[in-house]
Amino acid sequence: MTKAEDHILVIFGASGDLTYRKLVPALFDLYAQGLLGNKSAILGVSRTQLSDEVFREKMKKGILAFANFGEESKDKIDLFLKSTFYQSLNTFDVSDYTLLKDRLEHIDAEFGNNGNFLYYLSTPPNLYKIIPENLAHHKLNRQSKSIGWKRIIIEKPFGYDLKSGIALNRDLLKFFKEDQLYRIDHYLGKETVQNLLVTRFANGIFEPLWNRNFIHHVEITTSESIGVEGRGGYYDGSGAMRDMVQNHLLQVAALVAMEPPTTIEATSIRNETLKVFQSLRPLNDRNVRNHVIRGQYTAAKVRGKQVVGYREEEGVDPDSRTETYVAMKYFIDNWRWGGVPFYIRTGKALPTRVSEVVIHFKPTPHTLFIDNKDFSNNGNLLVIRIQPDEGILLKFGMKIPGAGFEVKNVNMDFHYSDMKQTYVPSAYERLLLDAMLGDATLYARGDAVEAAWGFVQPILDYWKNDPDAALYGYPAGSWGPEIADQLITEPEITWRYPCRNLAEDGIYCEL
Ligand code: BG6
């Protein structure tokens, strides 16, 4: 990986969990690998009054607990933290930003960062307008060759619906140009998600088959075994459609479906992503009723442990109708995908944490080898496992040695873990480094975010406007509402259930 340009990373919301668990550990990992220059510095900003020392102590704990190189490079932690600072600030108060400006000038003078500032908004979304505006008021958004670059990273949610998504883009663009904006979707930072592009476009064998002539349908699953885990307050106003589908799942689906980009650069790749979103067949009320299933987990015993239902979670309205599960079928109306159903599902409190893309190839036109109990003519699958046990699995029929023609589905698989010497960077490591290098390839562009909102908006409207819109309960630890199986209407085809319970306490997921 290329070393970052020297800069100051300013983290707004630095006293929060994300900074402690993800951002600073990822920054330390970059540092431990020599990818952060000695002239780079970090400035944590938030309202809480903290000294540099107290902030450093807290970050040290985060690094030891969450960084990949924390234990191995323990001796480097104090050195790394010497270039970590903290500034308390009332982000709403424009006059307070003089403190920030002074501090930045001071650090820049000490380290020599050439005026390169990368702002990271790890804050509630209601600050996404005010912080850029206040930075702009103090000219902290201005960039040029002589005064350095200024970039800003924002975390999802990028709006709450189509209208607010458009408004957010409009507000951001008042103070920063599109090429200064980095909208983080941490799924795009996952190695296996990026590997989708390599699998498709670096191998001659897949791309000729990657279309409506050979692919029967595509399935994308992102399941989580945890519930809302103390985030009930946020989640209850969001739900799985906004939290996972509008961003992570649609972004992954776009990489599966996109046309080959002209180059492997931000503009080309993001143009192709946008085209996929623009080709999504718009949903009407009838499609939503028939093709979108939402569910909410209910209390159940999971592997011997009692799990509370969603409505009993802290911060959740006891009458909440927020979905913790979504399964849906949709189509991409273009030449490559005409008529091919895409099935996506995501949920909390499912049996296990697994994310995968499954390409189901069409069966042979005629079944020669019949009466084989271990073989299905629908069996050619390419499974791209995003997490855990990252890798790729191809399933196909093989003859069992011996008389006759007994056929069995067998697996050919590749596991990332087999590449022993290869270090797999965390999504935040990869994405932060990219922003430091000015590479927005793996960040969502404003027009694509709006197009994705445009696609899900009819679903949100239908659920909001129809008090009788179905919301299915499903016991925590199950694979969601059983009715989701009926989305796939063809005989012999179901969702892929990659995991099975081994015993009371164990689960085995095939890859
Ligand atoms: C986040 C969602 O964006 O992604 C969470 O807000 C979800 O609700 C998380 O748990 C899942 O990410 P990962 O990387 O653990 O699959």
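Residues numbered from 1 in each chain as written. Predicted model: local features only at pLDDT ≥ 70, side-chain atom pairs only at ≥ 80, totals over all residues. Heavy atoms only, no water.

Q: Quick question: what am I supposed to make of the site of the ligand here?
A: Around the ligand, a shell composed of Lys156, His186, Tyr187, Lys190, Glu224, Arg231, Asp243, Met244, His248, Lys348, Arg353 and Gln387 is seen. Between the ligand and the protein, one listed contact pairs an oxygen atom with a side-chain N or O atom of Glu224 at 2.5 Å. In the environment of the ligand, an oxygen atom lies 2.7 Å from a nitrogen or oxygen atom belonging to the side chain of Gln387. For the ligand, the protein covers 83% of the area, taking 400 Å² as the surface of the free molecule. The biggest single contributor to the shell around the ligand is helix α9 (residues 239-257), with three residues. Its residues placed into classes, the shell around the ligand shows two nonpolar, three polar and seven charged. (Near = heavy atom within 4 Å. Polar contact = N/O pair within 3.5 Å; in protein donor to acceptor, adjacent residues only side chain to side chain. Areas by Shrake-Rupley, 256 points an atom, 1.4 Å probe, with all protein chains shown as cover. Helix = DSSP H or I, 4+ residues; strand = E, 2+ residues; numbered from the N terminus. Nonpolar A, V, L, I, M, F, W, Y, C, P; charged D, E, K, R; others polar.)

Q: How should a nonpolar patch on the surface be read in this particular structure?
A: Together, Leu368, Phe369 and Phe405 line one region of the surface with nonpolar side chains, adding up to about 340 Å² of accessible area. Looking at where Phe405 falls in the secondary structure, it is placed in the loop between β15 (391-399) and β16 (407-415). (Patch = residues over 30% accessible without salt bridge, like charges linked within 9 Å, V, L, I, M, F, W, Y side chains within 5 Å. Salt bridge = Lys/Arg side-chain N within 4 Å of Asp/Glu carboxyl O.)

Q: How should helix α5 (residues 130-137) be read in this particular structure?
A: For the α-helix, the turn length of 3.6 residues means that residues three or four positions removed from each other point alike. Of the positions making up α5, those classed as buried are Ile131, Pro132, Asn134, Leu135 and Ala136. Tucked into the core, α5 has its buried residues touching β1 (8-12), α4 (97-111), β4 (117-121), β5 (150-155) and α6 (162-175). Lys139, located one to two residues past α5, shows a positive phi value of around 60°. (Buried < 20%, exposed > 50% of the residue type's maximum accessible area, 1.4 Å probe, protein only. Contact = heavy atoms within 4.5 Å.)

Q: Is there a simple way to explain the domain arrangement of the protein in this structure?
A: In many analyses, interface size is given as the accessible surface area lost on bringing the parts together. Domain parsing of the protein yields domain 1 (8-155) and domain 2 (188-354 + 424-504). Computed over C-alpha atoms, the centres of domain 1 and domain 2 are 32 Å apart. Opposite the 17 residues of domain 1 that make contact, domain 2 presents 10 residues. Taken together, both faces of the contact between domain 1 and domain 2 bury some 1100 Å²; the carbon and sulfur share is 72%. (Domains from an automatic or database assignment. Buried area = accessible area lost by both parts, 1.4 Å probe.)

Q: Explain the packing of helix α7 (residues 191-201) against α9 here, please?
A: Axes are the key here: two packed helices are described by the angle between their axes and the distance separating the axes. Direction vectors running N to C along α7 and α9 enclose 10°, while the axes themselves pass 9 Å from each other. In terms of axis orientation, α7 runs roughly parallel to α9. Facing Val193, Leu196, Leu197 and Arg200 of α7, the residues of α9 in contact are Val252, Leu255, Val256 and Ala257. (Axes fitted to C-alpha atoms, helices over the stretch in contact; angles between N-to-C directions. Parallel < 35°, antiparallel > 145°, perpendicular 65-115°, else oblique.)

Q: Help me understand empty space enclosed by the protein, please; the structure alone is not making it clear to me.
A: Empty space among the atoms becomes visible once a probe the size of a water molecule is rolled across them. If you walk through the whole model with that rule in mind, you get two cavities of 30 Å³ or more. Empty space within the largest cavity amounts to approximately 120 Å³. Around the largest cavity sit 14 residues that line it, and Leu188, Gln251, Ile269, Thr273 and Thr441 are the ones nearest its centre. Sorting the residues of the lining of the largest cavity by element identifies α7, α9, α10 (266-279) and β17 (443-444) as the ones contributing at least two each. Among the residues forming the lining of the largest cavity, the class breakdown is eight nonpolar, four polar and two charged. Roughly 70 Å³ of internal volume is contained in the second largest cavity. For the second largest cavity, the full set of lining residues is Phe158, Asp185, Gln246, Asn247, Leu250, Gln251, Phe277, Ala444, Ala448, Val449 and Ala452. Every element with two or more residues in the lining of the second largest cavity is listed here: α9 and α13 (446-465). Examining the composition of the lining of the second largest cavity, we find that four residues originate from one element, α9, more than from any other. (1 Å grid on protein atoms, 1.4 Å probe; cavity = no way out; pocket = protein on both sides within 12 Å on 5 of 7 lines; lining within 4 Å. Points joined across faces, edges and corners; volume = space filled by probe spheres on them.)

Q: Just to check I follow, could you spell out the environment of His186 for this structure?
A: Counting through the fold element by element, His186 comes out in the loop between β6 (181-184) and α7. For His186 and Ser95, which are 91 residues apart along the polypeptide, the C-alpha to C-alpha distance reads 33 Å. If we ignore the near neighbours within four places in the chain, the residues touching His186 are His248, Ala427, Tyr428 and Leu431.

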